[in-house]
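Residue strings, one per chain:
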Amino acid sequence: MDEVMRALESLQIAAKHKVATPVNWKPGDPVLIPPSLSKEQAKQTFPQGFQTCAVPSKKEYLRFTHI
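First, a word on what this report is: a plain description of the structure on this page. Predicted model only: the values in this text are computed from it and were never measured. (Residues numbered from 1 in each chain as written. Predicted model: local features only at pLDDT ≥ 70, side-chain atom pairs only at ≥ 80, totals over all residues. Heavy atoms only, no water.)

### Some details on the overall build of the chain
As a reminder, the rule being used: Helical segments are the DSSP runs of H or I of at least four residues, strand segments are the runs of E of at least two, and each set is numbered from the N terminus. Using a 1.4 Å probe on the protein chains alone, a residue whose accessible area is under 20% of its type maximum counts as buried, one over 50% counts as exposed, and one in between counts as partly exposed. Two residues form a contact once any of their heavy atoms are found within 4.5 Å. Accessibility throughout is a Shrake-Rupley quantity obtained with a 1.4 Å probe, and a residue counts as covered only by protein chains that appear here. The sign given to each residue is positive for Lys and Arg and negative for Asp and Glu; His and the chain ends receive no count. To locate a charge, take atom NZ for lysine, CZ for arginine, CG for aspartate or CD for glutamate.
From N to C terminus, the chain includes two helices and three strands. The helix and strand sequence of the chain, counted from the amino end, reads α-β-α-β-β. Per-residue burial over the chain gives 19% buried out of 67 residues. Intrachain contacts of the chain at a sequence separation of at least 6 include 36% that bridge at least 24 residues. Total accessible area on the chain is roughly 5000 Å²; 59% of this is exposed by carbon and sulfur atoms. Charged side chains of the chain number 9 positive and 6 negative; the gap between the two group centres comes to 9 Å.

This is the structure we're talking about:
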């Protein structure tokens, strides 16, 4: 039952905040900002800030934030 509740909360957060939740996500863990949002849009949408992870391509599309 815990997994069902976790999955349901993940879906609700994803729908409400337009984010994605990584595998094994739990409430309180960071969520993914979709790469379709520009850096400027992400700053406006997530004023609390976000962390950009380094990737080999040097592109800044892997971003995490807390909801």
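### Some details on the pattern of salt bridges
Side chains bearing opposite charge may pair, as long as their charged atoms lie close to each other. Our working definition: The salt bridge definition used is simple: a Lys or Arg side-chain nitrogen within 4 Å of an Asp or Glu carboxyl oxygen.
If you walk through the whole model with that rule in mind, you get two salt bridges. Glu-3 serves as the salt-bridge partner of Arg-6, at 2.7 Å between the closest nitrogen and oxygen. Of this pair, Arg-6 and Glu-3 are both found in helix α1 (residues 2-17), three residues apart, which corresponds to roughly one turn of the helix. Close ionic contact of Lys-39 with Glu-60 constitutes a salt bridge, the shortest N to O distance being 3.4 Å. Of this pair, Lys-39 sits in helix α2 (residues 39-45) while Glu-60 sits in the loop between β2 (51-52) and β3 (63-65); the two residues are 21 residues apart in sequence, bridging distant segments of the chain. Residue Glu-60 is classed as partly exposed on the basis of its relative accessible area of 48%.

### Describing the sheet that holds β2
Counted only if it meets this: Being paired, for any two strands, means DSSP has found at least two bridges between them.
Strands sit in the order β1-β3-β2 across an open sheet of three strands; the sheet is antiparallel. Edge strands, defined here as strands with exactly one partner in the open sheet, are β1 (31-33) and β2. Pairing of β1 with β3 involves three bridges; the strand directions are antiparallel. Looking across to β3, one finds that Leu-32 is bridged to Phe-64.

### Points about the environment of Lys-58
Looking at where Lys-58 falls in the secondary structure, it is placed in the loop between β2 and β3. Since its relative accessible area comes to 70%, Lys-58 is described here as exposed.

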